[in-house]
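Remarks on the overall topology
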Amino acid sequence: MTFQFDGRDIEFRPGQSVQGALVAVGVLSTRTTRIAGAPRGMFCGIGVCFDCLAVIDGQPDQRSCLTPAEDGMVVCRQEGTGRDDLGV
Amino acid sequence: MDQLAVSDVIIIGGGIIGAASAYHLSLAGLHVHLIERGAPVSGTSSRGEGNILVSDKPPGPELELQKFSSGLWAEFAESDLEFDIELESKGGVLLGTADGAMQALDGYATTHEAAGVQVERMDAKALYEREPNLAPGLPGGLFYPGDLQVMPVIAAFEMLRAARQHGATITAYTEVLGLEVSKGVVKGVKTTRGSVSAPVVVNCSGAWAGPLTSSWATPLPVDPRRGYVLVTSALPHVVRHKVYSAEYMDNVSSSDAGLQASLVVEGTKSGTVLIGASRERIGFDDRPRAEIVQRLASQAIAIYPFLADVRLIRYYQGFRPYADGHLPIIGPDPSVSGLFHAVGHEGVGIALAPGTGRIIAEMITNRPLSMDMQAFMPSRFN
């Protein structure tokens with residue numbers, strides 16, 4: 001079973017989180033920060049810090065540590081807020 | 001507790017009112033000992049939205065105190081600070097949401113203009129130019145250039161830091177148990193870590209003023225009024241101003257004990273959007289209530305539809321100090337000489353903090369008061 005991360009196929013075991021599967025293959029960053037564009041990924045691992053955000057199946061601000069990986073899922077790195085379309 | 005020097009003034013409470021009082025008293029050259037029972041700024045002062053508004057106050061003494069306090073906020077932001085307190089002159093938008101609202105808002109604006117407050121009437125076109133993300137179909141509103149926003153926790157800590165630099169002692173995790181009074185004159189306070197002496201004591205206990213003063217010569221009628229704030233994920237610049245609906249002001253001035261929820265929304269420098277505002281009088285019950293989160297979220301989505309697709313990351317809650325008669329209690333105690341009060345600011349504690357602190361310092365150092373404070377006097381409860 002695989003999901004895609006930025007076009008790369010990532011294998012995962014049933015029940016594994018997106019974040020868990022990514023860390024297992026050495027992918028540590030799923031987003032960049034709003035101001036400095038610095039890399040971020042898992043921090044607390046329990047869904048309270050909101051550092052591990054990624055765009056999952058088109059939805060930004062998904063906590064990858066809480067999202068169970070699914071076959072065919074499309075995960076993308078989130079750039080900043082991932083919601084630049086809203087800025088006025 | 002190590003008393004390094006005899007204090008001139010003891011301040012009870014390390015929220016923003018205590019911090020502002022410590023700041024102005026220390027700048028006036030007095031030695032201040034501030035005593036906080038928990039962590040500094042851990043109470044109501046860390047649970048708000050950083051509102052510094054003229055728009056939510058009808059003409060009267062509270063509006064006058066606000067004008068004075070807003071000026072002092074601007075001065076404080078320009079002073080020698082270590083951290084950015086995020087003071088923004090973003091202005092406030094008061095929305096007309098119902099059909100009859102525009103006429104009522106027009107009348108309100110007229111009374112404000114007569115009271116020297118700058119206000120601009122907005123038709124729908126002007127409203128959407130100011131706030132493009134608003135839901136369509138709103139008739140207009142009022143724009144108040146004098147409304148500001150601040151990051152209250154950083155600001156309070158900067159006041160405490162400056163007070164310390166001017167010689168103040170800040171003691172945390174120490175609870176004041178009572179006053180020491182002899183023949184109607186205050187001598188100091190009893191705390192969980194011993195007695196502290198001073199000829200002047202300022203009660204800045206906020207939402208806890210009711211229980212604290214209940215056995216004092218003049219108990220103060222201050223009750224907690226719980227409020228929630230919802231926090232979104234960080235977003236780009238989506239809400240430009242403080243935005244709120246006219247129902248907010250009805251709820252603020254109401255003495256209703258049941259749940260009231262009205263719309264207040266603003267962005268922050270960090271990109272989160274804060275959504276309020278609820279009011280309940282349920283004592284100090286802090287148990288979560290999903291209904292409140294749902295109501296505040298629904299109200300906000302109705303006005304800013306983009307929020308339907310935005311993640312809420314958490315909420316927080318706090319207890320506003322509601323004083324009977326809905327005016328803060330600022331001034332000398334009518335029964336105990338040397339005792340002063342600065343409590344009961346309901347939802348405007350952040351806004352009125354510098355003005356309150358400065359007036360308290362003027363009262364204690366026998367300087368002429370910057371404004372007439374008769375309406376705020378504790379003696380009205382005697």
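Nothing here was measured: the structure is a model prediction, and the numbers come from that model.

A count of helical and extended segments in chain B gives nine helices and 19 strands. Taken against the 2.2 N^0.38 rule, which gives 21 Å for 382 residues, the C-alpha radius of gyration of chain B at 21 Å falls within 12% of a compact globule. Seen along its three principal axes, the alpha-carbon backbone of chain B occupies a region of about 65 × 40 × 40 Å. The proportion of buried residues among the 382 residues of chain B is 57%. When the 30 basic and 40 acidic side-chain charges of chain B are each reduced to a single mean position, those positions are 4 Å apart.

Residue and element names in this part refer to chain B. Put simply, Gly276 and Ala277 share a cis peptide bond, and its omega is 0°. Looking at where Ala277 falls in the secondary structure, it is placed in strand β16 (residues 273-279). Positive phi, normally seen in glycine, also occurs at Val41, with a value near 65°.

We now examine the environment of Gly60(B). Inspection of the secondary structure puts Gly60(B) in the loop between β3 (51-52) and α2 (61-78). Sequence separation between Gly60(B) and Ile359(B) is 299 residues; the distance between their C-alpha atoms is 17 Å.

The next thing to look at is helix α5 (residues 152-165) of chain B. Residues and elements named next belong to chain B. Given a rise of 1.5 Å per residue, 14 residues ought to cover 20 Å, and the 20 Å separating the end C-alpha atoms of α5 matches this to within 8%. Buried residues of α5: Pro152, Ala155, Ala156, Glu158, Met159, Leu160, Ala162 and Ala163, and no others. Taken together, the buried residues of α5 touch α1 (16-27), β2 (32-35), α2, β8 (169-171) and α9 (349-364). At the C-terminal side of α5, Gly167 shows a positive phi close to 100°.

Adjacent strands of a sheet form backbone hydrogen bonds with each other and so pair up, either parallel or antiparallel. All names here are of chain A. With mixed pairing, three strands are arranged side by side in an open sheet as β4-β3-β8. If you trace the sheet from one side to the other, it starts and ends with β4 (39-40) and β8 (78-79), each paired once. Note: strand β3 (residues 31-32) against β8, two bridges, orientation parallel. The residue of β8 that forms the bridge with Arg31 is Gln78.

The next point concerns the packing of aromatic side chains. Residues and elements named next belong to chain B. The full count for this structure, using the stated rule, is seven aromatic pairs over all chains. Between the aromatic rings of Tyr23 and Phe76, the centroid separation amounts to 5.1 Å while the plane-to-plane angle is 80°, which identifies the pairing as edge-to-face. Residue Tyr23 is found in helix α1, and its partner Phe76 is found in helix α2; the two are separated by 53 residues along the sequence. Judged by its relative accessible area of 12%, Tyr23 is buried. The exposure class of Phe76 is buried, given its relative accessible area of 5%. Site record: aromatic cluster; members linked through ring pairs are Tyr23, Trp73 and Phe76.

Here we come to the state of the cysteines. All names here are of chain A. Scanning the entire structure with this criterion turns up zero disulfides over all chains. Cys49 provides the cysteine sulfur closest to Cys44, a residue in no disulfide bond, and the two sulfurs are 3.7 Å apart. Exposure remark for Cys44: the relative accessible area of 27% places this residue in the partly exposed category. The class for Cys49 is partly exposed, based on a relative accessible area of 29%.

At the junction of the two partners, chain B supplies 15 residues and chain A supplies 12 residues. Both sides of the chain B and chain A interface together cover about 1,300 Å² of buried area, and 54% of this is carbon and sulfur. When the buried area of chain B at its contact with chain A is split by residue, Ala234(B), Pro236(B) and Arg311(B) rank highest and sum to 38% of it. Linking chain B with chain A are zero salt bridges, by the criterion used here. On the surface where chain B and chain A come into contact, there are seven residue pairs in polar contact (both at pLDDT 80 or more). Looking at the side of chain B that touches chain A residue by residue, the classes come out as eight nonpolar, four polar and three charged.

Let us look at the pattern of salt bridges. Residue and element names in this part refer to chain B. A complete count under the given rule lists 21 salt bridges over all chains for this structure. Residue Lys67 pairs with Glu64 through a salt bridge whose shortest N-O separation is 3.2 Å. With a gap of three residues between them, Lys67 and Glu64 both fall in helix α2, about one helical turn apart. Accessibility expressed as a relative area gives 30% for Lys67, which makes it partly exposed. We classify Glu64 as partly exposed; its relative accessible area is 35%. Residue Arg358 pairs with Glu362 through a salt bridge whose shortest N-O separation is 3.1 Å. In this pair, Arg358 and Glu362 both sit in helix α9, four residues apart, roughly one turn of the helix. Among the residues examined, Arg358 registers a relative accessible area of 27% and is labelled partly exposed. Looking at Glu362, the relative accessible area reads 2%, which means it is buried.

What counts as what
- The numbering scheme is per chain: residues are counted from 1 as the chain's sequence reads.
- A letter from A marks each chain and a number from 1 marks each ligand, given out in the order of writing.
- Local features in this predicted model are restricted to residues whose pLDDT is 70 or higher, and side-chain atom pairs enter the listing and the counts only when it is 80 or higher, whereas totals over whole chains, interfaces and linings include all residues.
- Each side-chain value is derived from all of the structure's non-hydrogen atoms; neither hydrogens nor water enter the calculation.
- A helix here means a DSSP run of H or I that spans at least four residues, while a strand means a run of E at least two residues long, and both kinds are numbered starting from the N terminus.
- The quantity called the radius of gyration is restricted to C-alpha atoms. Its globule counterpart is 2.2 Å times the number of residues to the power 0.38.
- Whether a residue is buried, partly exposed or exposed follows from its accessible area with a 1.4 Å probe, protein chains only, as a fraction of its type maximum: under 20%, in between, or over 50%, in that order.
- Charged residues are defined narrowly, with Lys and Arg counted positive, Asp and Glu counted negative, and His plus the chain ends left uncounted.
- Charge placement uses NZ in Lys and CZ in Arg. For Asp and Glu, CG and CD serve respectively.
- Multiplying 1.5 Å by the residue count of a helix minus one yields the expected span of that helix.
- Only heavy atoms enter the contact rule, under which two residues are in contact if any of them lie within 4.5 Å.
- Between any two strands, pairing holds if DSSP finds at least two bridges.
- A pair of Phe, Tyr and Trp rings is counted when the ring centres sit within 6.5 Å of each other, with Trp represented by its six-membered ring. The angle between the planes then sorts it: under 30 degrees is stacked, over 60 is edge-to-face, the rest tilted.
- Sulfur atoms of two cysteines make up a disulfide when they are within 2.5 Å.
- When two components associate, each loses some accessible surface as probed by a 1.4 Å sphere; the sum of these losses over both components is called the buried area.
- A pair is scored as a salt bridge if a Lys or Arg side-chain nitrogen falls within 4 Å of a carboxyl oxygen belonging to Asp or Glu.
- A 3.5 Å cut-off defines polar contacts: any pair of N or O atoms within that distance qualifies, except that in protein one atom must be a possible hydrogen donor and the other a possible acceptor, and neighbouring residues in sequence count only when both atoms are side-chain atoms.
- Under the scheme applied here, ten amino acids are nonpolar (Ala, Val, Leu, Ile, Met, Phe, Trp, Tyr, Cys and Pro), four are charged (Asp, Glu, Lys and Arg), and all others, including Gly, are polar.

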